[in-house]
Amino acid sequence: MNIYYFLIVLVCGGFLLVPGAIAYHDENRDNSLPSDLVMLRTLLDEVIIGDKISLTGQIDQTLFGTQPSDVIILISAPKGSHTDTFMLAKPASNGTFRYNQIADVGGEWNFEALYNGIYSEKVYIPVVPGDEPKKTALTMSGWPTFPKIGDHVSFKGRLTDSEGKGIAFKEVDYRLASSPVGCLGGCAFGGMLEWRNAGSVTTDINGEYFFSLPVVESGSVQIEALFSGDEGYSSTSSRVLKITVYE
């Protein structure tokens, strides 16, 4: 059975709940020609890696039955992409629909819309590297979160790019803000809640980092990690952790 006919049967019959790993190949497509009854267009002529590819479309209302089905978005991505080969978009009552796709790799991306056996024209979108540094993200966790005086609190996290890949051999700084009644790692000031630099560490080949700090007094402390950025990667910071120290 033609794979697209099979998809249509699943969608229209309500059996296709989650897009799966059914591959899309040109040789599986039937001889149906694109039709103006199913329109697909892109909002941009070019997209930067890591940004969204935004598509809009229109289904002719003559194709609608009493229960309109989902539109199948057929995706042909460049080599190295982790994008699925098809996704679903739900049309509005007037037949319009939208679809957004993160461009995780560079190259030419192709899209088609398929509705009730009718194809749209193909849409071709080039995805190119941007001039700006790659966006980054930084995580951090600490344990234990309720330590006692004399313990060490261990921290770990990961620096990643916009594709979720670890960034190796980058310096990550960490800083503290202590309460007036106690601190972690030693107090360098008294009375006021303010941030101070506490050290730095280098990410490993997987983008991960680790460090520990001694608990010297009771009270509470806030800690965050920061990556200052460079020519290739943008700056970022982790979430702020609050550590409560008991006597």
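Chemist: Would you take a moment to explain the confidence of the model for the protein chain for this structure?
Modeler: Do not read the fine detail of predicted coordinates wherever pLDDT is low. Taken residue by residue, the protein chain gives an average pLDDT of 80. The fraction at 70 or more is 80%. Below a pLDDT of 50 lies the segment residues 188–192, which in the model reaches six contacts outside its immediate sequence neighbourhood of four places, other chains included.

Chemist: What exactly am I supposed to notice about the sheet that holds strand β6 (residues 96–102) here?
Modeler: Here three strands make up an open sheet; going across it, the order is β1-β3-β6 and the pairing antiparallel. Each edge of the sheet is formed by a strand with only one pairing partner; in this case those strands are β1 (38–42) and β6. Averaged over all pairs of adjacent strands, the angle between their axes in this sheet comes to 20°, without regard to strand direction. Where strand β3 (residues 52–59) lies against β6, seven bridges are found, and the strand directions are antiparallel. The residue bridging Ser54 from the neighbouring strand is Asn100, located in β6.

Chemist: What am I meant to see in the packing of aromatic side chains here?
Modeler: Any two aromatic rings considered together are summarised by their centre-to-centre distance and by the angle between their planes. Following the criterion strictly, the structure yields four aromatic pairs and no others. Consider the rings of Tyr174 and Phe211, whose centres lie 3.7 Å apart with planes at 5°: the pair is stacked. One end of the pair, Tyr174, is in strand β13 (residues 171–178); the other, Phe211, is in strand β15 (residues 208–214), with 37 residues separating them in the sequence. You'll find Tyr174 and Phe211 in the same group, each marked buried. Through pairs of rings, three or more aromatic residues link up here, namely Phe155, Tyr174, Tyr209 and Phe211. A cation over an aromatic ring shows up here: Arg175 above the ring of Trp195, its NZ or CZ 4.5 Å from the ring centre.

Chemist: Hey, could you run me through the pattern of salt bridges in this one?
Modeler: Pairing is possible between side chains of opposite charge, provided their charged atoms come close. Enumeration over the complete set of coordinates arrives at three salt bridges. Note that Asp70 is salt-bridged to Lys90, the shortest N-O span being 3.0 Å. Of the two residues, Asp70 is situated in the loop between β3 and β4 (71–76) and Lys90 in the loop between β5 (86–89) and β6; the sequence distance between them amounts to 20 residues. When the shortest N-O distance is used, the salt bridge between Glu224 and Arg175 registers 2.5 Å. Placement of the pair is Glu224 in strand β16 (residues 219–227) and Arg175 in strand β13, with a sequence separation of 49 residues.

Chemist: Help me understand the pairing of β3, please; the structure alone is not making it clear to me.
Modeler: Working note: regular strand, side chains alternate between the two faces of the sheet. Pairing analysis gives five bridges linking β1 to β3, with the strands arranged antiparallel. Across the sheet, Val38 pairs through a bridge with Ile59, a residue of β3.

Chemist: Could you clarify how one ought to interpret unusual backbone geometry in this entry?
Modeler: When glycine is set aside, most residues are seen to have a negative phi, and most peptide bonds are trans. Residues Trp143 and Pro144 are joined by a peptide bond in cis, for which omega reads -5°. Phi is positive for Phe169, which is not a glycine, with a value near 60°. Relative to the assigned elements, Phe169 resides in the loop between β12 (152–161) and β13.

Chemist: So what exactly am I meant to see when it comes to the nonpolar core here?
Modeler: Generally speaking, a soluble globular protein has its nonpolar side chains buried in company with each other. The biggest cluster of nonpolar side chains holds 24 residues, and the ones touching the most others in it are Ile53, Ile73 and Phe111. Here the element with the most residues in this core is strand β7 (residues 107–115); it accounts for four residues. Each residue touching Phe111, except ones within four places of it in the same chain, is listed here: Leu40, Ile53, Leu55, Ile73, Leu74, Ile75, Tyr99, Gln101, Glu121, Lys122, Val123 and Ile125.

Criteria and thresholds
- Residues numbered from 1 in each chain as written.
- Predicted model: local features only at pLDDT ≥ 70, side-chain atom pairs only at ≥ 80, totals over all residues.
- Heavy atoms only, no water.
- pLDDT = per-residue confidence, 0-100.
- Contact = heavy atoms within 4.5 Å.
- Pairing = 2+ DSSP bridges.
- Helix = DSSP H or I, 4+ residues; strand = E, 2+ residues; numbered from the N terminus.
- Axes fitted to C-alpha atoms, helices over the stretch in contact; angles between N-to-C directions.
- Phe/Tyr/Trp six-rings, centres within 6.5 Å; stacked < 30°, edge-to-face > 60°.
- Buried < 20%, exposed > 50% of the residue type's maximum accessible area, 1.4 Å probe, protein only.
- Lys NZ or Arg CZ within 6 Å of the ring centre and 35° of its normal.
- Salt bridge = Lys/Arg side-chain N within 4 Å of Asp/Glu carboxyl O.
- Core = buried A, V, L, I, M, F, W, Y, C linked by side-chain atoms within 4.5 Å.

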